[in-house]
Amino acid sequence: MSRRALDLDDGLAMVVTDLHGSWEVYRRLRDLFLDQQAKGQVDRLVLCGDLIHSDGPDEIDASLEMMLDVMSLQAEFGTNRVIMLLGNHELPHIYGLSLAKGPTQFTPRFEAALTRLDQQYRSLYRRKNVIQFLTSLPFFVRTRAGVMLT
């Protein structure tokens, strides 16, 4: 298990939250971060959890693709530059719990995507990698200025 709290002592962070499987929104914000980071205008991307679990149709839910992209970004830039916090939508996949809102069951769709990931011959990642990634995520970030992100 990782440290559940991170301290940021310097730099400028781009903060994003609650994307819930929306690839287009994620892609635009990720590309904005990459562009601004390359120009030296921003130092970090902080994703405040709830990256996964769209409540729309299966075909538009890009939760797993987004998660794998964040994992790749962290591998490229480091966990201090691309920070993802554990949200309540990611937490059930660590502990085998179910998350629902009214009649909508969120966890089965993502679990099915993880099963399909294990069946892909050429995938760089497997279910165990995603679960290990989720297990490593911090709960919150504190800044020197006294801002807490969760």
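Everything numeric here is computed off the predicted structure, so don't read it as measured data.

So, how was this worked out
Residues numbered from 1 in each chain as written. Predicted model: local features only at pLDDT ≥ 70, side-chain atom pairs only at ≥ 80, totals over all residues. Heavy atoms only, no water. Phe/Tyr/Trp six-rings, centres within 6.5 Å; stacked < 30°, edge-to-face > 60°. Helix = DSSP H or I, 4+ residues; strand = E, 2+ residues; numbered from the N terminus. Buried < 20%, exposed > 50% of the residue type's maximum accessible area, 1.4 Å probe, protein only. Lys NZ or Arg CZ within 6 Å of the ring centre and 35° of its normal. Expected span 1.5 Å × (residues − 1). Arc of directions from axis to C-beta. Contact = heavy atoms within 4.5 Å. Pairing = 2+ DSSP bridges. Right-handed = clockwise from strand over helix to strand, strands pointing away. Polar contact = N/O pair within 3.5 Å; in protein donor to acceptor, adjacent residues only side chain to side chain.

**Student:** So what exactly am I meant to see when it comes to the packing of aromatic side chains here?
**Tutor:** For any pair of aromatic rings, the description rests on two quantities: the centre-to-centre distance and the angle between the ring planes. Enumeration over the complete set of coordinates arrives at two aromatic pairs. A ring pair is formed by W23 and Y26, whose centres lie 5.4 Å apart and whose planes are at 50°; its orientation type is tilted. One end of the pair, W23, and the other, Y26, are both in helix α1 (residues 23–38), three residues apart, so they sit about a helical turn from each other. We classify W23 as partly exposed; its relative accessible area is 27%. The buried category is assigned to Y26, whose relative accessible area is 1%. In this structure, R4 packs its charged tip against the face of F139, placed 4.6 Å from the ring centre.

**Student:** Looking at this model, I keep getting lost on helix α4 (residues 107–119). Mind explaining?
**Tutor:** Every α-helix carries 3.6 residues per turn, so stepping three or four residues along brings you back to the same face. Along its 13 residues, α4 runs 19 Å from first to last C-alpha, staying within 8% of the 18 Å computed at 1.5 Å per residue. Taken together, the buried positions of α4 are occupied by T107, F110, A113, L114 and L117. Looking straight down α4, one finds its buried side chains confined to an arc of 130°; they lie on one side. Those residues of α4 that are buried lie in contact with α2 (63–77), α3 (92–95), β6 (104–105) and α5 (127–136).

**Student:** Explain the pairing of strand β3 (residues 44–47) here, please?
**Tutor:** For a regular strand, side chains alternate in direction, first toward one face of the sheet and then toward the other. Burial along β3 is two-sided: the residues R44 and V46 and L45 and L47 are all buried. Strand direction decides the pairing type here: strand β2 (residues 13–16) and β3, joined by four bridges, are parallel. Paired with V15 across the bridge in β3 is V46. Regarding the hand of the β-α-β motif, the stretch spanning β2, α1 and β3 is right-handed. Of the pairings in the sheet, the one linking β3 to strand β4 (residues 82–84) comprises three bridges and is parallel in character. Bridge assignment links L47 to a residue of β4, and that residue is M84.

**Student:** In this structure, what is going on with the sheet that holds strand β7 (residues 140–143)? I would like to understand it.
**Tutor:** Pairing between the strands of a sheet comes from backbone hydrogen bonds, and it takes one of two forms, parallel or antiparallel. Strand order in the open sheet formed by three strands is β1-β7-β8, and the pairing between neighbours is mixed. Two strands bound the open sheet, and with one partner strand each, they are β1 (5–8) and β8 (148–149). As judged from the two bridges shared by β7 and β8, these two strands associate in the antiparallel manner. Paired with R142 across the strands is M148, a residue of β8.

**Student:** I tried to follow the environment of D18 on my own but got confused; where do I start?
**Tutor:** Here D18 is to be found in the loop between β2 and α1. Using a relative accessible area of 39% as the deciding quantity, one classes D18 as partly exposed. Taking the C-alpha atoms as reference points, D18 and V147, 129 residues apart in sequence, are found 19 Å from one another. If sequence neighbours within four positions are ignored, D18 has contacts with G49 and D50. In terms of polar contacts, D18 uses its side chain to reach the side chain of T17, at 2.7 Å.

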